[in-house]
Amino acid sequence: MPMFSRRRVSRRASSNICCIRRELLESVMEASRHSLPNEFAAGLAARGDTITEMIIIPATRSNFHSASFNYHSILGSFSAVGTVHSHPSGYIIPSAPDLRLFSSVGRVHIIVGYPFGEDSWAAFRKDGTRTELRVV
Ligand code: ZN
């Protein structure tokens, strides 16, 4: 059954995420710059062990923290493994609402901070602890 096999792919793809595509990271930084002074937010999709795409949720562009309902629906899709959002403050530590979101959906969460350069980001697990993602 198609539904069943999609779910199996989902579990395998999201269980061991180690990498993120460089082009995707650059797109996230670009979108975050464009969204200033607001936050940018999107879902993340992976192929195998690598995060390859964003899932854009237009309604969340300017108000990430009140959009958890949309996040839940997007993360129900077979390819979503986590979230990414920007902190225009430049402070790349999860806030209390971020930690609640992380623990409730997805497996890998990325926060990017102003000035949205190559190194101004961090990845977190469900429990809010840091994790490393290799840029490939
Ligand atoms: Zn945040």
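Each remark here, short or long, concerns the structure printed above.
Below you will find a few notes about this structure. (Residues numbered from 1 in each chain as written. Predicted model: local features only at pLDDT ≥ 70, side-chain atom pairs only at ≥ 80, totals over all residues. Heavy atoms only, no water.)

A word on the environment of isoleucine 17
Next, step 1: Note that isoleucine 17 resides in the loop between α1 (2–15) and β1 (19–20).
Next, step 2: Isoleucine 17 gets classed as buried once you look at its relative accessible area, which sits at 12%.
Next, step 3: Isoleucine 17 sits 90 residues away from arginine 107 along the chain, and the two C-alpha atoms are 8.4 Å apart.
Next, step 4: Ignoring sequence-local partners within four residues, the contact set of isoleucine 17 consists of Ala46, Gly48, Asp49, Ile51, Val81, Val108 and Leu133. (Helix = DSSP H or I, 4+ residues; strand = E, 2+ residues; numbered from the N terminus. Buried < 20%, exposed > 50% of the residue type's maximum accessible area, 1.4 Å probe, protein only. Contact = heavy atoms within 4.5 Å.)

Let's talk about unusual backbone geometry
Next, step 1: At the junction of leucine 36 and proline 37, the peptide bond is cis and its omega measures out at 5° in the coordinates.
Next, step 2: Omega for the bond connecting tyrosine 114 with proline 115 falls within 30 degrees of zero, at 10°, which places this linkage in the cis form.
Next, step 3: With respect to the helices, strands and loops of the structure, proline 115 is situated in the loop between β5 (108–113) and β6 (121–124).
Next, step 4: A positive phi angle, near 60°, is found at phenylalanine 116, a position not held by glycine.
Next, step 5: Tracing the backbone through its elements, the reader meets phenylalanine 116 in the loop between β5 and β6.

Details of the sheet that holds β1
Each strand in a sheet pairs with its neighbour through backbone hydrogen bonds, running either in the same direction (parallel) or in the opposite one (antiparallel).
Next, step 1: Reading across the sheet, the eight strands line up as β7-β6-β5-β4-β2-β3-β1-β8 and stay open at both edges, with mixed pairing between neighbours. Each edge of the open sheet is held by one strand with a lone partner, namely β7 (130–131) and β8 (134–135).
Next, step 2: Pairing analysis gives two bridges linking β1 to β8, with the strands arranged parallel. When the bridges of β8 are listed, cysteine 19 appears paired with arginine 134.
Next, step 3: Here helix α2 (residues 22–35) sits on the sheet in contact with β1, β2 (41–47), β3 (50–56), β4 (80–87), β5, β6 and β8, set at roughly 30° to β3.
Next, step 4: Relative to β4, helix α4 (residues 96–104) is tilted by about 170°, and along the sheet it contacts β4, β5 and β6. (Pairing = 2+ DSSP bridges. Axes fitted to C-alpha atoms, helices over the stretch in contact; angles between N-to-C directions.)

A short note on the coordination of the zinc ion
Next, step 1: Around the zinc ion, the donor atoms from the protein are His85 (NE2), His87 (NE2), Asp98 (OD) and Asp98 (OD), and they sit 2.0 to 2.5 Å away.
Next, step 2: Sequence positions of the donors to the zinc ion reduce to the motif H-x1-H-x10-D. Linking histidine 85 in strand β4 with aspartate 98 in helix α4, this pair joins segments that are 13 residues apart in sequence. Neither residue differs from the other here; histidine 85 and aspartate 98 are each classed as buried. (Donors = N, O, S within 2.8 Å, 3.2 Å for Na, K, Ca; no water.)

A word on α2
Next, step 1: For α2, built from 14 residues, the straight-helix expectation of 20 Å at 1.5 Å per residue is met to within 8% by its first-to-last C-alpha distance of 20 Å.
Next, step 2: Those residues of α2 that fall on the buried side of the exposure criterion are Leu24, Leu25, Val28, Met29, Ala31, Ser32 and Ser35. Considered in projection along α2, the buried side chains sweep an arc of 165° and stay on one side of the axis. (Expected span 1.5 Å × (residues − 1). Arc of directions from axis to C-beta.)

Here's the deal with the packing of aromatic side chains
Next, step 1: One pass over the full model with this rule turns up two aromatic pairs.
Next, step 2: Between tyrosine 114 and phenylalanine 116, the ring centres sit 5.9 Å apart and the planes meet at 85°, which makes this aromatic pair edge-to-face.
Next, step 3: We classify tyrosine 114 as partly exposed; its relative accessible area is 47%.
Next, step 4: Residue classification places phenylalanine 116 among the buried residues on the basis of a relative accessible area of 1%. (Phe/Tyr/Trp six-rings, centres within 6.5 Å; stacked < 30°, edge-to-face > 60°.)

Function-wise, these values are silent; they only describe arrangement.
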